[in-house]
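Structural characterization, general
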Amino acid sequence: MSNRDIQNTKAVFKREFLAYFNSPVLYVIVVIFLLAAMGFPFFFSRILDSEDVSLTERFFVWHPWIYTVLAPAVGMRLWSEEHRLGTIELLLTMPVSPWQAILGKFFAASCVWLIGLTLTFPIVWTVCYLGYPDMGPIMSGYIASYLYALACLALTSAISAITRSQVVCFIVSVAFCIVIALIGDPGVTHTIVSTTPDWAAGFVRFVSYFSFMDHFFELTKGIFVFRDVFYFLSVIIVTLIITNLALRAKRA
Amino acid sequence: MIQVKNLIKVFGTKVAVDDVSFSVEKGEVLGFLGPNGAGKSTTMRMVTGYFRPTSGSVSLCGINMLEEPEQAKQRLGYLPENAPLYSDMTVASFLGFCAELRGLHGADRTRAIDRVLDLCFLDSVRNQSVDTLSKGYRHRTCFAQSIIHDPDVLILDEPTDGLDPNQKHEVRGMIKRMGQNKAIIFSTHILEEVEAACSRAIIIDRGKVVADGTPESLKKLVPGAKSLDEVFRSITKPDTAHKHAA
């Protein structure tokens, strides 16, 4: 990392981050995220009726599904918008390497989620008021939740590098996020294993290991397993590399 | 300053640019002419490092664009076709962003912004959102971006497209003035522009260079031609030509 790398990444980050504040997207998404993330534990999980003050089963459990819809909404503008406006030609003929631009944009979108997730603090406050929760699982739950959001964002970034239409990017990204969440679902895995021949069962289980879900729930249990953190980080790195390849292919 | 050698670009099976070579020295303004789809924009995109050539080489100020793209791009100012802009920014913040990417920070950045705002007559819209600008202002904002770091090499893709006659005159004057100490390439459809601003012109047709010389010498290429217009029409084939033949 040279000085130049940091300056350029910072410049792209700053522009992209301010762009979120200049459009209604950020406000709409953060508000919907907060309504969902704070409402579901109370209305569906009935957090107040239980004798349990841990957040894992009632608060974090909803996050993957919320991110499945909302993370693509944040990420879809990253590159699609550049393609549509033609500004990508401007950006990539500046003395900026594609990686500086990709990281700058990705960090900007990440910060949007940091804002959203930070604003869920009243729920921590609530359970602390009601009882004596174990802070370990809460911390690791937040880390797991944030990593999940970043993985969805990186996935969206790769897809937005391919298409100039934000709508296409949104729908395809949501589909990918659903698939990658569902392949790890025990019910889904079991159904597929029971309908495929025996020799394929190992393969199905192998594929199901790539699901975000297993790794997410391992982390929210409060056992900070490096393996699961590493899994999410590698998903992010791989999808950002795909973003780079897609951008290169796009300008042939 | 600009050295382009044997540039070839193939999209699928279509050869968009076929073995184009030219060079532009400091103090030269090169007009890039050709019918629509002749490969002008593709050539410019390769010179600016946006497209990767299928084969051939580009170097700016002696720096190879393919080997050291970041250094080469630092020497370059580029106005893409249709003047794209980030629609959510103001004119000043957009120029500030471009200045930062060009490595200008702090007081240098402020000075650079003020200089180009003044040069491109954008002072009155300084804090206006790019979205609300008229076409002429948008064009000038994008043009301002290309000269913010006072580059040695300037590449302008149809810089006068969509401007009114006064603005066209102004931009031509600006190109001519800047051409004294820079190497400039600009593409256009308007042939009087070539005579007004260029010291040299290249005519490109179906991806090939078909003529290269001063506007005066181009006129002599076709015996009896009185204007560049006639020269242009007789050496490039119209899109409709093969239909007439068939």
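All values derive from a computational prediction rather than experimental measurement.

1. Focus on the overall build of chain B
Scanning chain B for helices and strands turns up ten helices and ten strands. For 246 residues, the compact-globule estimate of 2.2 N^0.38 gives 18 Å, and chain B sits close to it at 18 Å. Relative to its 246 residues, chain B shows a buried fraction of 46%. Sequence separation of 24 or more characterises 64% of the internal contacts of chain B that already satisfy a separation of 6 or more.

2. Topic: the interface of chain A and chain B
Contacts between the two partners involve 19 residues from chain A, matched on the other side by 21 residues from chain B. Contributions of two or more residues to the side of chain A that touches chain B are made by helix 1 (3-22) and helix 5 (87-92) of chain A. Counting residues per element, the side of chain A that touches chain B draws most heavily on helix 1 of chain A, at five residues.

3. Things to note about the confidence of the model for chain B
Residue and element names in this part refer to chain B. In this model, chain B carries a mean pLDDT of 87, and residues with pLDDT of at least 70 account for 96%. Here helix 10 (residues 241-245) is the element of chain B with the lowest mean pLDDT, 51, and helix 3 (residues 91-101) is the one with the highest, 94. The complex prediction reports pTM at 0.90, with the ipTM value standing at 0.87.

4. Topic: the sheet that holds strand 4 (residues 55-60) of chain B
Residue and element names in this part refer to chain B. One open sheet accounts for four strands, arranged 2-1-4-5; its pairing is antiparallel. With one partner strand each, in any of the chains shown, strand 2 (14-24) and strand 5 (63-64) form the two edges of the open sheet. Here strand 1 (residues 2-11) pairs with strand 4 via five bridges, running antiparallel. Following the sheet pairing, Ile8 is matched in strand 4 by Ser55. This element, helix 1 (residues 40-47), spans strand 1, strand 2 and strand 4 of the sheet and lies at about 120° to strand 1.

5. Some words on the sheet that holds strand 9 (residues 200-205) of chain B
Residues and elements named next belong to chain B. The six strands are arranged 6-7-8-3-9-10 in an open sheet whose pairing can be described as mixed. Edge strands, defined here as strands with exactly one partner in the open sheet, are strand 6 (76-79) and strand 10 (208-213). Going from strand to strand, the sheet's axes swing by 15° on average, the running direction of each strand aside. By the bridge criterion, five bridges tie strand 7 (residues 153-157) to strand 8 (residues 183-187) in an arrangement that is parallel. The residue of strand 8 that forms the bridge with Asp157 is Ser187.

6. A look at unusual backbone geometry
Residue and element names in this part refer to chain B. Look at Asp19: it is not a glycine, yet its phi comes out positive at around 55°. Along the chain, the position of Asp19 falls in strand 2. If you check the backbone angles, Arg206 has positive phi at about 50° while not being a glycine. Overall, Arg206 belongs to the partly exposed group, with 16 C-beta atoms counted inside 10 Å.

The rules behind each value
- Residues numbered from 1 in each chain as written.
- Chains lettered and ligands numbered in written order.
- Predicted model: local features only at pLDDT ≥ 70, side-chain atom pairs only at ≥ 80, totals over all residues.
- Helix = DSSP H or I, 4+ residues; strand = E, 2+ residues; numbered from the N terminus.
- Rg over C-alpha atoms; globule rule 2.2 N^0.38 Å.
- Buried ≥ 20, exposed ≤ 12 C-beta atoms within 10 Å, placed from the backbone.
- Contact = placed C-beta atoms within 7 Å.
- pLDDT = per-residue confidence, 0-100.
- Pairing = 2+ DSSP bridges.
- Axes fitted to C-alpha atoms, helices over the stretch in contact; angles between N-to-C directions.

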